[in-house]
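# Residue-level structural notes
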Amino acid sequence: MSFKQFNLHTQIETGIEALGYTAPTPIQLQSIPAILQGKDVMGMAQTGTGKTAAFALPILQRLLSGPRKRLRALIVAPTRELAEQIHEAIDGLGRATKLKSVTIYGGVNKNPQIQKLRQGAEIAVSCPGRLLDLAEQGEINLSGIEVLVIDEADRMFDMGFLPDIRKILKRLPTKRQTLLFSATMPDDIRKLAKEILHDPVTVRVGEGVPVSTVSHALYPVEPHLKTALLMKLIERTDTESVLVFARTKHRTTRVAEQMQRAGFPVASLQGNLSQNRRQDALSGFREGKYQILVATDIAARGIDVSGISHVINYDMPDTVDAYTHRIGRTGRAAKTGDAFTFVTPEDRGFVVDIEHVLGERIERRTLEDFDYNVPAPAGGGGSDRARYSERQGRPANVSRFSPKKRGDDSQRTGPRPSGRRSGGRSLDGFSQYRSLSKAR
Ligand code: AMP
C-alpha cells in the first residue's frame, strides 16, 4: 500500500516524502478516500495512529484549488501543544503547496496571530477560547470555512470546551464538511456527532485500546518511595526520551525539582507555566536537551516527540481512557515503547480495569538493589513528600525500621473521580513486590 493510491497532487506527495512516510497507516487508509470525496467522517482513533495526516492530506488536496488568502479550513484542538503539532504537520506536508496555516490559542499575545490572519491564510488551527475571542473582535472571518475538523473531541469535552464548540459552530456556514476525531465516544460526544455530522462515514482504529507497539509493566511501590524508584529505574534502564506523568501541577514540579537536584536532565510541564517556559520545556525535550519531561495529563496533551522510549506513570491516571492517552505518547507510528506504571496498594482496583481493556495481565516488576523497605518518614503520613538523598536516591535522615504495610498517598485528597472503579480485588503480585527481579 502506498500513498499513490490516493492520487494526491505531486506537491502533496513531495510533503509526504519529506516527512518520510512510506505507507499509509490504517486510519489514513480508511479515512482519506472518504474525506477526498467530501464526506463527513467520524474517526475513532487514538493519538499515535497517524490521524493528523489522515485529515490534513485531503484538506490540502481540496484547498489546492479555489481561492487563496482566505480561511477555508478550521481545525479545533483542545490544547496549544496539539494545535502547534497539527500546524507543524500541515506545514511539513503542505510545504510545496504554499498553502498557509496559522495557529490561534490563548496564553500568548494575540497581535502576532491577528497579524498572520491579516496577511492571509487558508487554514486555522485553533483552541476554542482564543478563536471565539478573535471572532467576537471581528479579527477572524469564519464565513468561508469549507471544512471543520474537531480533533480529540473527548478531551475537549473533558476540559469543558463543549459550550465553546457549540458557539463556534454557530459562526460557521452550515454547508461544510465536518470531521470529528475522538479516541473514545462518551455519550455527549456521540450526541454532538449526531447533531453536526451528515451521513458520516465511521472509521475506527483500535478504539480505546492502547497502541499495540507498547509493552506494559507495573512497579508496585509504596507512595513515599516513588521518586527514589523513578530515579533508580531511569538510571538502570536503557532509555531515549522519558515522559513521566504525575497527577497534579504541584507534584509535577516537585518531582522534576528532586530529579534536577539529583543531576537528571529534566524539565517539567504543567498548566501554570508561561507559554515561554512551556515552549522551552517542549522544545528542550524534543531536541534532547532534557531527556526527561515530567508532566500533568493536560499539559502533555498533544506532545509529539518521536523518540519517547518510555512513558512512566509516576501516579496512576484517573481513567482507563487517560491511561490510553498517556501511553499513546510512546510507541508512535509503529515504533516500540515501554509503559511503566507505579502502583500503590490503593491503585489495585484500577489495575484490574486496565488489564480488562488490554485483554491481558500486565507484568509486575521489581527493581534489583532497590530498597523497598525504607519506611515512610515520621509524620509524613506515608506520603512521598520525603526528601531523597540525591546520591543514593533514598530518603535522607530516615532510620530503617520495618516498612509500613499500607501506603496512604496523602497528596490525593478527596474521593476518587467518578468513573474510576476502585474495586477490592487483590493486585496480584503486590504482596510479593519485595522479591527481586531485574528490570529490563
Ligand atoms: P498522530 O496520530 O497524527 O499524532 O501521528 C503520530 C505520529 O505518526 C506522528 O509523529 C506522525 O508524524 C507519524 N505518522 C503519521 N502518518 C505516518 C505514516 N504514514 N508513516 C509514518 N509515520 C507517520
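Refer to the preceding data block for the structure.
Here is a short report on the structure shown in this document. (Residues numbered from 1 in each chain as written. Predicted model: local features only at pLDDT ≥ 70, side-chain atom pairs only at ≥ 80, totals over all residues. Heavy atoms only, no water.)

## Considering the overall build of the protein
When helices and strands are counted, the protein shows 15 helices and 16 strands. Put simply, the protein has 440 residues, and 58% of those count as buried. Carbon and sulfur atoms make up 48% of the accessible area of the protein, which totals about 18500 Å². (Helix = DSSP H or I, 4+ residues; strand = E, 2+ residues; numbered from the N terminus. Buried < 20%, exposed > 50% of the residue type's maximum accessible area, 1.4 Å probe, protein only. Areas by Shrake-Rupley, 256 points an atom, 1.4 Å probe, with all protein chains shown as cover.)

## Brief notes about helix 6 (residues 128–136)
Restricting attention to buried positions, one finds in helix 6 the residues P128, R130, L131, L132, L134 and A135. Two residues or fewer past helix 6, G138 is found with a positive phi of approximately 75 degrees.

## Section: the nonpolar core
Counting residues in hydrophobic clusters, the biggest one holds 39 residues, and the most contacted among them are F55, L57, I75, I86, I90, I123 and L179. Considering each element in turn, this core owes the most residues, 9 residues, to helix 3 (residues 51–64). If we ignore the near neighbours within four places in the chain, the residues touching I75 are F55, I86, I90, I123, A124, V125, S126 and V149. Formed by 35 residues, the second largest nonpolar core is a distinct cluster that contains L74, L148, I168 and I196. (Core = buried A, V, L, I, M, F, W, Y, C linked by side-chain atoms within 4.5 Å. Contact = heavy atoms within 4.5 Å.)

## A word on the sheet that holds strand 7 (residues 201–205)
Here we have 7 strands laid out as an open sheet, ordered 3-4-2-5-6-1-7, and parallel in their pairing. Lying at the two open borders of the sheet, with one neighbouring strand each, are strand 3 (101–104) and strand 7. Across this sheet, the average inter-strand angle for adjacent strands is 15 degrees, counted without regard to direction. Looking at chain direction, strand 2 (residues 73–76) and strand 4 (residues 123–126) are connected through 4 bridges and run parallel. Looking at the pairing, V76 lines up with S126 of strand 4. (Pairing = 2+ DSSP bridges. Axes fitted to C-alpha atoms, helices over the stretch in contact; angles between N-to-C directions.)

## Things to note about the side chain of T341
With respect to the helices and strands, T341 occurs in strand 13 (residues 337–343). A polar contact of 2.9 Å, which involves the side chain of T341, links it to the side chain of N313. The residues contacting T341, other than those within four sequence positions of it, are A217, L218, Y219, N313, M316 and Y323. (Polar contact = N/O pair within 3.5 Å; in protein donor to acceptor, adjacent residues only side chain to side chain.)

## Quick look at the environment of A56
Tracing the backbone through its elements, the reader meets A56 in helix 3. On a C-alpha basis, the gap between A56 and I90 in space is 6.2 Å, while along the polypeptide they are 34 residues apart. Once residues within four sequence positions are removed from consideration, A56 is found in contact with I90 and L93.

## Side note on the pairing of strand 4
Taking every second residue as pointing to the same face, both faces of strand 4 are buried, with I123 and V125 on one and A124 and S126 on the other. The pairing of strand 3 with strand 4 spans 4 bridges and is classified as parallel. Bridge pairing in strand 4 links T103 to V125. Crossover handedness for the path strand 3 to helix 5 (residues 111–119) to strand 4: right-handed. (Right-handed = clockwise from strand over helix to strand, strands pointing away.)

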